[in-house]
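Residue-level structural notes
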Amino acid sequence: MDSKNKIVYLKTKDYFKSGESFDLLFDKERNMLVTFPQPSNDKIGFYYDSDEYISHTDSKRGIMPFLYQKVKRHSLQNKLALINSMVSSKGRLLDVGAGTGDFCIAASKEGWKVQGVEPNDNARVVAREKGVQLTSSMADYKNQFFDVITLWHVLEHLPNLEEQIQELKNLLNPNGALIVAVPNYRSFDAKYYKEYWAAFDVPRHLWHFSQKSMKLLFGDFFKLEKTKPMIFDSFYVSLLSEKYKSGNSFSIKALLIGLWSNIKAISSKEYSSLIYCFRKTK
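What you see is a predicted model; the values in this text were computed from it and never measured.

Negative phi is the rule for most residues except glycine; trans is the rule for most peptide bonds. F36 connects to P37 through a cis peptide bond whose omega is -5 degrees. Structurally, the position occupied by P37 is in the loop between β3 (32-36) and α1 (45-48). Here V202 and P203 are connected by a cis peptide whose omega angle stands at -5 degrees. By the element assignment, P203 lies in the loop between α6 (188-193) and β8 (207-208). Residues other than glycine seldom take positive phi values, yet N143 does so here, at roughly 70 degrees. Relative to the helices and strands, N143 is located in the loop between α4 (121-129) and β6 (146-152).

Set out below in C-alpha cells:
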C-alpha cells in the first residue's frame, strides 16, 4: 500500500495475538483509516491463527466468547428481518465471510437459497460439521448472480478493496441488495478508547470506515437506501477495549461507556458499528 500523502492518525498494536505495532493512516481522499503496514496475503493467516478468534469458532468458554455467542443468536433474527425488508421475494443469497455458517443456516431456514464464502480453513470445517458447505473465495461464483449479498463485519478484512467492491457489484443481479456491516471509527467508544479500541483489530482489519467513506467507496455502483445501528457492538467492543487497556476481563465501566456511546449516537448517528443497505444501480 502506498503510504505517501497520508498522515498518521493513531499508533496502535495487535493486542489480540502478536503484540506488533501498526500505524493507522488517514486517507483524506476516501475519508478512512488504513492499517500500515499491511501483512502480505501469504502471512495474514498467522494473525487469525488462534482458538480464541471468536468468529472462526463456536467457543463459549470465558466471558467474552459467551457474550458474543449470546448476542449472535439474537442478531441473526434482526439481520434476517432487515434483509427481508429489502426484497419483495426470497431468492439467492451470498454470505461473504460466513464464519462457521450460522447466518447461512438461519437464512436457509427462512427460505433463501444460500451460498457462503469463508477463506479460513478451520471455520469452514466447523461449518461443514453443521452441514454447511462453504467455498473459500468469491471467485468460485464467477458468472453466477445473487439477489442479496451480505458482509457482516467482513469488508474491513478484505485486501484490494476497490477490486473486491467491483467483484461484489458483478455478482449482484440488477437492483440487487448489498448489506455491509462495519465498525465506525468515528463513534464515541472509538474516540474514548483510542489506540485500545478493539474494533481497530490490527492487522486483521486492514481498513477503518466512516459513513462518508462508505458512500464514497460504493457510490459509483450503489445507492445507499438506509443505515442501521448495531446497538450491541458498543458494549462488546468496549468490554474488549477495556481488557486491552486495563487487563480487566469484565468491567462495569466498559458497559457504561458502551451505553453512553449509544446515547451519544442518538443525535450524532455515529454508532460503534453500522449496517449499510445498498441497492445496485449500475
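Attention now moves to the nonpolar core. In this structure, I149, L178 and F218 are the most contacted members of the largest nonpolar core, which totals 34 residues. The set of elements that each furnish at least two residues to this core consists of β3, β4 (92-96), β6, α5 (161-171), β7 (172-183), α7 (211-218) and β10 (273-280). With sequence-adjacent residues up to four places away left out, I149 is seen in contact with L94, V96, L168, L171, L172, A177, L178 and I179. Among the nonpolar cores identified, the runner-up in size contains 20 residues, and F22, Y47, W197 and L239 belong to it.

Burial runs high along β4: 4 of the 5 residues are buried. Note that β4 and strand β5 (residues 113-117) share 5 bridges and pair parallel. Note that in β5 the partner of D95 across the bridge is G116. Crossover β4 to β5 through helix α3 (residues 102-109) is right-handed. Bridge count for β4 against β6 is 4 bridges, and the pairing is parallel. Directly across from L93, in β6, lies its bridge partner V148.

Let us look at the pattern of salt bridges. What the rule picks out here adds up to 10 salt bridges. The partner of D23 in a salt bridge is K11, and the shortest N-O contact between them spans 3.0 Å. Of this pair, D23 sits in strand β2 (residues 21-27) while K11 sits in strand β1 (residues 7-13), and the two are 12 residues apart along the sequence. We classify K11 as exposed; its relative accessible area is 58%. A salt bridge links D14 to R204; its shortest N-O distance comes to 2.6 Å. Taken together, the positions of D14 in the loop between β1 and β2 and R204 in the loop between α6 and β8 put the pair 190 residues apart, joining distant regions of the chain. Here the salt bridges share partners, and the residues they tie into one network are D14, D201 and R204.

Structurally, the position occupied by L25 is in strand β2. Accessibility expressed as a relative area gives 3% for L25, which makes it buried. Along the sequence, L25 and S249 sit 224 residues apart, while their C-alpha atoms lie 30 Å from each other.

Conventions and cut-offs
Residues numbered from 1 in each chain as written. Predicted model: local features only at pLDDT ≥ 70, side-chain atom pairs only at ≥ 80, totals over all residues. Heavy atoms only, no water. Helix = DSSP H or I, 4+ residues; strand = E, 2+ residues; numbered from the N terminus. Core = buried A, V, L, I, M, F, W, Y, C linked by side-chain atoms within 4.5 Å. Buried < 20%, exposed > 50% of the residue type's maximum accessible area, 1.4 Å probe, protein only. Contact = heavy atoms within 4.5 Å. Pairing = 2+ DSSP bridges. Right-handed = clockwise from strand over helix to strand, strands pointing away. Salt bridge = Lys/Arg side-chain N within 4 Å of Asp/Glu carboxyl O.

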